[in-house]
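Here's the letter readout for the chains.
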Amino acid sequence: MRILLFLLLIFLLYQLWRFSELRAKMIRKKTVKTQPKIEAHPMVQCQRCETFVPKNESIDYKGRAFCGEKCRDESRP
Ligand SMILES: [Zn+2]
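Please read all numbers here as calculations on a predicted model, not as lab measurements.

**Digging into the overall build of the protein**
At step 1: Along its length, the protein carries two helices and four strands.
At step 2: Tracing the protein from N to C terminus, the helices and strands come up as α-β-β-β-β-α.
At step 3: A burial count over the protein gives 6% of its 77 residues as buried.
At step 4: In the protein, the proportion of contacts linking residues at least 24 apart, taken out of those at least 6 apart, comes to 10%.

**Some words on the environment of S75**
At step 1: Of note, S75 is situated in helix α2 (residues 69-75).
At step 2: In this view, S75 contacts Q47, R48 and F66; residues no more than four positions away in its chain are not counted.

**Here we look at unusual backbone geometry**
At step 1: Unlike most non-glycine residues, E50 shows phi in positive territory, near 60 degrees.
At step 2: By the C-beta count within 10 Å, which is 9 here, E50 ends up exposed.
At step 3: The backbone phi angle of K62 is positive, close to 55 degrees, even though this residue is not glycine.
At step 4: With respect to the secondary-structure elements, K62 resides in the loop between β3 (59-61) and β4 (64-66).
At step 5: Using a count of 8 C-beta atoms within 10 Å as the deciding quantity, one classes K62 as exposed.

**Section: the confidence of the model for the protein**
Detailed reading of the predicted coordinates is not advisable wherever pLDDT falls low.
At step 1: The predicted model of the protein has a mean per-residue pLDDT of 87, with 88% of residues at 70 or higher.
At step 2: Per-element confidence in the protein ranges from a low mean pLDDT of 83 for helix α1 (residues 2-40) to a high of 95 for β4.

Quick notes on the rules
Residues numbered from 1 in each chain as written. Predicted model: local features only at pLDDT ≥ 70, side-chain atom pairs only at ≥ 80, totals over all residues. Helix = DSSP H or I, 4+ residues; strand = E, 2+ residues; numbered from the N terminus. Buried ≥ 20, exposed ≤ 12 C-beta atoms within 10 Å, placed from the backbone. Contact = placed C-beta atoms within 7 Å. pLDDT = per-residue confidence, 0-100.

So this is what it looks like as structure tokens:
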């Protein structure tokens, strides 16, 4: 009878280990998924209308970021 209890304990420990492995995998997947998103879309604020636009869509003029050509032209002296 003691052997049965011992086997049950091993089985439970194995299940617990499998569950924690699965959770670790899921967390790893999540971090891999979210990281490129942050890198791909850094937001910058337009110096004129203060709208946030993705950096790759913004226009740089003398080190200042603008949401479009209109804002850039309007802020020029
Ligand atoms: Zn703007």
